[in-house]
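# Fold and geometry: a report
Here are the chains, one letter per residue:
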Amino acid sequence: MEASLTARDRVGIQDFVLLDNYTSESAFLDNLRKRSHENLIYTYIGTLLVSVNPYKELDIYSKKQMDTYMGVNFFELPPHIYALADNVFRTMQSEYNNHFILISGESGAGKTEASKKILQFYAVSCPSTKLLNNVRDRLLLSNPVLEAFGNAKTLKNDNSSRFGKYMDIQFDHQGGAVGGHILSYLLEKSRVVHQNHGERNFHIFYQLVEGGEEDLLRWLGLERNCQHYRYLVQGDCAKVSSINDKSDWKMVRKALSVIEFSESDIENLFAIIASVLHLGNVKFEADVRGYASLNNNQEMHWVSKLLGIPTQVLQQGLTHRKIEAKTEEVLSPFSVDHAVYARDALAKAIYGRTFNWLVNKINESLANKDSSRKTVIGLLDIYGFEVFNVNSFEQFCINYCNEKLQQLFIQLTLKSEQEEYEMEGIEWEPVPYFNNKIICDLVEEKHRGIIALLDEECLRPGEATDLTLLEKMEEEIGGHPHFVTHKLADKKTRKTLERGDFRLLHYAGEVTYCVVGFLDKNNDLLYRNGKEVISFNFYCKKQVTPILSWLVVTQFKSSLVGLTEILMSKEPWYVRCIKPNEAKQPGRFDDVLVRHQVKYLGLMEHLRVRRAGFAYRRKYDIFLQRYKPLCPDTWPNWRGTAAEGVQRLIKHLGYKPDEYKMGRTKIFIRHPRTLFATEDAFQICKHRLATRIQAKYKGYRVKGDYLKQREAATKIENCWRGLMARKEREKRAWAVKVIKKFIKGFMTRNQPSCNDNSEYLAYVRTNYLTRLRDNLPRTVLEKDAWLTAPPILQEASQLLKKIYIRHMVKKYVRGITPHRKAQLLLKEQTSSMFKGKKENYPFSVCRPFVDTRIGETDISIKVLQMIRHEHIKYSVPVVKYDRNGFRPRLRQLIFTQEAAYLVEETKIKQRIDYSSLKGMSVSNLSDNFLILHVTCDDIKQKGDLVLQCDYLFEALTKLCVIANKQNYIKVVQGSVRFDIQPGREGFVDFKSGQESMVYRAKNGHLMVVSSTHFLCIDFKR
Ligand SMILES: Nc1ncnc2c1ncn2[C@@H]1O[C@H](COP(=O)(O)OP(=O)(O)OP(=O)(O)O)[C@@H](O)[C@H]1O
Ligand SMILES: [Mg+2]
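Residues numbered from 1 in each chain as written. Chains lettered and ligands numbered in written order. Predicted model: local features only at pLDDT ≥ 70, side-chain atom pairs only at ≥ 80, totals over all residues. Heavy atoms only, no water.

### Looking at the overall build of the chain
- Check the secondary structure of the chain and you find 35 helices and 31 strands.
- Against the globule reference of 31 Å for 1021 residues, the chain gives a C-alpha radius of gyration of 67 Å, more extended than a compact globule.
- Projected onto its principal axes, the C-alpha coordinates of the chain cover approximately 205 × 80 × 75 Å.
- By residue count, 49% of the 1021 residues in the chain fall in the buried class. (Helix = DSSP H or I, 4+ residues; strand = E, 2+ residues; numbered from the N terminus. Rg over C-alpha atoms; globule rule 2.2 N^0.38 Å. Buried < 20%, exposed > 50% of the residue type's maximum accessible area, 1.4 Å probe, protein only.)

See the structure below:
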């Protein structure tokens, strides 16, 4: 932090407290000048902010700048009004107390601008909600309205506030701006009827005339020309380049509607403003008796219309005075001068009351109806010390106000600070300062003060005049060192004073007041029927006040007492505005002018006190309460006295002896940096503590949740287990019952159906039927694999079997193709021929027949050419045994439509016409021999054929069918005779043996031995 403190000092010194030669006014001015030439308009004296009017727009008020200053410690960034505003806000938030910012400086020094900047900062930095934004907008927009009605161009400032303003901004505990309240002080009403050269009336008049819509102006009877209105042209500067009345008018109209002025309120408001302009134009002429008479009926008509006052009453009020004489009221006519006076007084009164009404109305709109406790930041933007060439009653009041505020400043800073050191027993060398109490007393002392004398003179019977007042003052306070008049002054001074002047030596300098008008202005006199006139207007009906309180200065005095009380109950912060030159020019720094302001603003004294004193002090208990977390000994609780606790704490924090002092009830810390270091440490520690507390709390919460969940889980578990156990018990009981019943059912299964076995039997039934369903024979051939039925289902099972087999057969039959049917018919033929006759027949049953065993491609083309015309029906390879030697030869046996052919490759070896086929013989054994017997008449013809064919049954059945010789098959036992040639016979003998063999027996017969073993193999093949 130290580093950042020094790093920031680029131009001059940012805090006068760091100025080496802090007692030198020149050094002070040098620093201010240096900085203001670099547009660094802000400089601190501790927490007091000195602001020099730059007279030009600077790029230091952007939203970005606001963000930069938000929540940052005071001295960590270059001085700025935002830093002060933020610090006030944060102190209010953390200490939960009320504050005010006193903005002072002379006219044109930038007070109003400063207060606007602060308001804008809060508008951006405070938490916002829709509701809060509403309040925020009203707070912000109350400014242009009040400025329109209460500000005017003066010689010193084009936007000079002609009233004092104190504004409270109310914050809720979260820091949201929730409401506001405005107090206004002593509006300079005389401006309504009179302006010095180069000055203007209140802005609103010009705004209305310049910016008002055509319809509105017509309705108000106004013309768009300021020159037309007497009240607007006295200063001879209705138009000013720095002021844009037209756009300001728009702004005011918008603001009025945001602040919730109804349309009729707005109409009436402008009607009154217009009526003042019309009133100004009312002219009087002297009648023959010298009394005032009215002949400007047009203006009177508008005034009466706009104010709603009967013309008669108005006319009488302006030209006559009502005098009460015992029980009677007598009207006494005015001279022209008197009438003009009465007219102006009426105009001032109307405007003054309208202004008060306006403030009240704004307050209604800003009021927060919620009764919860709020903290407040007050902004006091009050007229600065004023010295003109001719100073009147208004300047007297304004300068008195400044005296009072200076008193307050002294009380709250210089005096109280030094008294505090004394009280706390802190070693201290008193800083001399000028206490302006003596001047305040001169003005406000009871019975003897200027105000008392003024009031007395206003109220006393007889001919009181301004001059009698002056005499009275000379008489009563003539000897006062701060009061001089022409009569009282020495020779040299007398030259500078007129006879009607008196001079006050204010704390800020000498001011010469011209006593003329003091009595009138204090009386704020409205003749009796003037009041009646005014009471016609609805805004003023309620304002009936006793005569004493009409005395302006007394009213002002008591409002200042009220203000002082308001301020004394709050923590003060100061912005001192300095005007660098009278010409309103940027970049000009008038040393004499600034030196004078530095002096009367008490900046040097403040610096000396600050420098010699301590930047920060707090009661031990408050300090300890805030910072105790920083030391393990004091955290969480310190048992001893607060002072001991603080001692222990700062020892732990390592404060050096010259950095602090221990008072009787408070600790005093010399440098802000020491406090900031502590505060920074606290902020870090706070987060750590918050995290710890959060963690503990979270732990506590989670543990609680966990315990709850665990309890719930146990409960659920218990219930669930109970439920499951009950279910299990029920299941077991049920199972026991079922098993018992099953056993009983099993035991009585063969008895007729009864209670004991009915369920068992039903079970057996379903069980059997389901098993049967899953194990049904897949083909008719498997019909014997039918599931054995339990006794009670024997009959049903038989029936089912029958039905099922029938069904299968039906299905099978339906599935047979014509080709297959033909095959099966052939098989049936075979069966009828061989079943039970030939040993190896059963093994052939399962071998399906095929159309042919030799494809046409395997038959020689030559042979085919020879026999194709007879249509080949079937071909099969055979082994032919020679008739003589019984040598085996491989041949093809081909059946055509007409004959059987024995073919040896390309040669037809033998043709047997079916008509010559007289029989076929096979053995009853397992061999595959067949003998085809043919009719043989010719010796040259070949005889019977002895063949062996692997597809014996197929070939023979085909032959029988093709040749239509079904009954020609002979199954023989033992031996077959055949014709080798006509007349020459041979024999084939058949027998069973171990091994299949074919050989020529000794007896010349062909012996065919067939083995059953071979058959089996063959079958498998
Ligand atoms: N911070 C600033 N930046 C730019 N211009 C400024 C600043 N402060 C003041 N001014 C200029 O100075 C003018 C006068 O300022 P302001 O109205 O605030 O003075 P004042 O102290 O309120 O005077 P009065 O006592 O007459 O009301 C402003 O109109 C503006 O032009
Ligand atoms: Mg101002």
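Now that the structure has been shown, we can carry on.
### Observations regarding the domain arrangement of the chain
- You can read the domains of the chain as domain 1 (429-521), domain 2 (622-720), domain 3 (757-811) and domain 4 (822-969).
- Its C-alpha centre places domain 1 at a distance of 60 Å from the equivalent point of domain 2. (Domains from an automatic or database assignment.)

### Remarks on the site of ligand 1
- Taken together, 19 residues lie near ligand 1, and S107, G108, K111, T112 and S160 sit nearest.
- Residue S107 places a side-chain N or O atom 2.6 Å away from an oxygen atom belonging to ligand 1.
- Mapped onto the shell around ligand 1, the elements with two or more residues apiece are α5 (111-125) and β5 (160-161).
- When residues in the shell around ligand 1 are grouped by element, the largest group, 3 residues, is from α5.
- Of the residues contributing to the shell around ligand 1, the split by class is 5 nonpolar, 10 polar and 4 charged. (Near = heavy atom within 4 Å. Polar contact = N/O pair within 3.5 Å; in protein donor to acceptor, adjacent residues only side chain to side chain. Nonpolar A, V, L, I, M, F, W, Y, C, P; charged D, E, K, R; others polar.)

### Some points on the packing of aromatic side chains
- Inspection of the entire model under this criterion finds 41 aromatic pairs.
- An aromatic cluster is defined as three or more aromatic residues linked by ring pairs; in this entry it consists of Y61, Y82, F89, F121, Y122 and F171.
- The ring of F388 has K156 sitting right over it, with the charged end atom 5.5 Å from the ring centre.
- Above the plane of the ring of F261 lies K361, whose end atom (NZ or CZ) is 5.9 Å from the centre. (Phe/Tyr/Trp six-rings, centres within 6.5 Å; stacked < 30°, edge-to-face > 60°. Lys NZ or Arg CZ within 6 Å of the ring centre and 35° of its normal.)

### Focus on the pattern of salt bridges
- Enumeration according to the criterion identifies 55 salt bridges in this entry.
- With a closest N to O distance of 3.1 Å, D245 and R200 form a salt bridge. Here D245 is found in helix α11 (residues 245-258), whereas its partner R200 is found in the loop between α7 (190-193) and α8 (203-211), with 45 residues between them in sequence. There is no split in this pair, since D245 and R200 are both buried.
- The residue R503 makes a salt bridge to E510 at a minimum N-O spacing of 3.9 Å.
- The buried category is assigned to R503, whose relative accessible area is 8%.
- It is possible to trace a salt-bridge network through shared partners that takes in R162, E188, R191, E199 and E386. (Salt bridge = Lys/Arg side-chain N within 4 Å of Asp/Glu carboxyl O.)

### With respect to helix α29 (residues 758-774)
- End to end, α29 covers 24 Å across 17 residues, agreeing with the expected 24 Å (1.5 Å per residue, within 8%).
- Looking only at α29, the buried set comprises Y760, L761, V764, Y768 and L772. Burial along α29 is one-sided: seen end-on, the buried residues are contained in an arc of 100 degrees. Exposed positions of α29 whose direction lies more than 90 degrees from the buried face are R773 and D774. (Expected span 1.5 Å × (residues − 1). Arc of directions from axis to C-beta.)

### Notes on the UniProt feature "binding site: ATP" (unreviewed entry) in the chain
- Under the UniProt annotation, "binding site: ATP" (unreviewed entry) lies at G105, E106, S107, G108, A109, G110, K111 and T112.
- When you line up the elements, S107 lands in the loop between β3 (99-104) and α5.
- Overall, the relative accessible area of 4% leaves S107 in the buried class.
- Beyond its immediate sequence surroundings of up to four residues, S107 is in contact with T154, K156, N157, S160, G384, F385, E386 and K579.
- At a separation of 3.5 Å, a polar atom in the side chain of S107 contacts the side chain of S160.
- According to the relative accessible area criterion, A109 is buried, its value standing at 1%. (UniProt positions renumbered as here; feature names shortened; annotations may be inferred. Contact = heavy atoms within 4.5 Å.)

### With respect to the packing of α8 against α11
- As a packed pair, α8 and α11 sit with axes 8 Å apart at the nearest point and diverge in direction by 100 degrees. With respect to α11, the element α8 is oriented roughly perpendicular. Taken together, the residues of α11 that come into contact with α8 (itself represented by H203, I204, Y206, Q207, L208, E210 and G211) are D245, K246, D248, W249 and V252.
- In terms of residue class, the contact of α8 with α11 is built from 5 nonpolar, 3 polar and 4 charged. (Axes fitted to C-alpha atoms, helices over the stretch in contact; angles between N-to-C directions. Parallel < 35°, antiparallel > 145°, perpendicular 65-115°, else oblique.)

### Comments concerning the sheet that holds strand β13 (residues 483-485)
- Reading across the sheet, the 3 strands line up as β13-β14-β15 and stay open at both edges, with antiparallel pairing between neighbours. Two strands lie at the open edges of the sheet, namely β13 and β15 (509-514), each paired on one side alone. Taken pair by pair, the neighbouring strands of this sheet meet at an average axis angle of 25 degrees, ignoring direction.
- Here β13 pairs with strand β14 (residues 501-506) via 3 bridges, running antiparallel. Paired with V484 across the bridge in β14 is R503. (Pairing = 2+ DSSP bridges.)

### Observations concerning the sheet that holds strand β17 (residues 616-619)
- The strand order β17-β19-β18 describes an open sheet built from 3 strands, whose pairing is antiparallel. One side of each edge strand has no neighbouring strand; the edge strands of this open sheet are β17 and β18 (660-662). Mean inter-strand twist for the sheet, computed between neighbouring axes without regard to direction, equals 15 degrees.
- Bridging between β17 and strand β19 (residues 666-669) involves 4 bridges; their strand directions are antiparallel. Bridge assignment links K619 to a residue of β19, and that residue is K666.

### Thoughts on the coordination of the magnesium ion (ligand 2)
- Around the magnesium ion (ligand 2), the protein supplies T112 (OG1) and S161 (OG) as donor atoms, at distances of 1.9 to 2.1 Å. Of this pair, T112 sits in helix α5 while S161 sits in strand β5; the two residues are 49 residues apart in sequence, bridging distant segments of the chain.
- Given the relative accessible area of 12%, S161 is considered buried. (Donors = N, O, S within 2.8 Å, 3.2 Å for Na, K, Ca; no water.)

### Examining the confidence of the model for the chain
- For the chain, per-residue confidence averages 87 on the pLDDT scale, and 95% of positions sit at 70 or higher.
- Of the regions scoring below 50 in pLDDT, residues 538-548 engages in 14 contacts with residues more than four places distant in sequence or in other chains. (pLDDT = per-residue confidence, 0-100.)

### Re a nonpolar patch on the surface
- A cluster of nonpolar residues, I739, F742, I743, F746, M747 and Y763, forms a patch on the protein surface that exposes about 610 Å² of accessible area.
- For the nonpolar patch, the element with the most residues is helix α28 (residues 672-747), which contributes 5 residues. (Patch = residues over 30% accessible without salt bridge, like charges linked within 9 Å, V, L, I, M, F, W, Y side chains within 5 Å. Areas by Shrake-Rupley, 256 points an atom, 1.4 Å probe, with all protein chains shown as cover.)

### Thoughts on the environment of I169
- As for its position among the elements, I169 is in strand β6 (residues 164-171).
- According to the relative accessible area criterion, I169 is buried, its value standing at 2%.
- Between the C-alpha atoms of I169 and I377, which are 208 residues apart in sequence, the distance is 5.3 Å.

### Describing the environment of V516
- Mapped onto the elements of the fold, V516 is located in the loop between β15 and α21 (518-523).
- A C-alpha to C-alpha distance of 23 Å links V516 and Y351, two positions 165 residues apart in sequence.
- In this view, V516 contacts S392 and D466; residues no more than four positions away in its chain are not counted.

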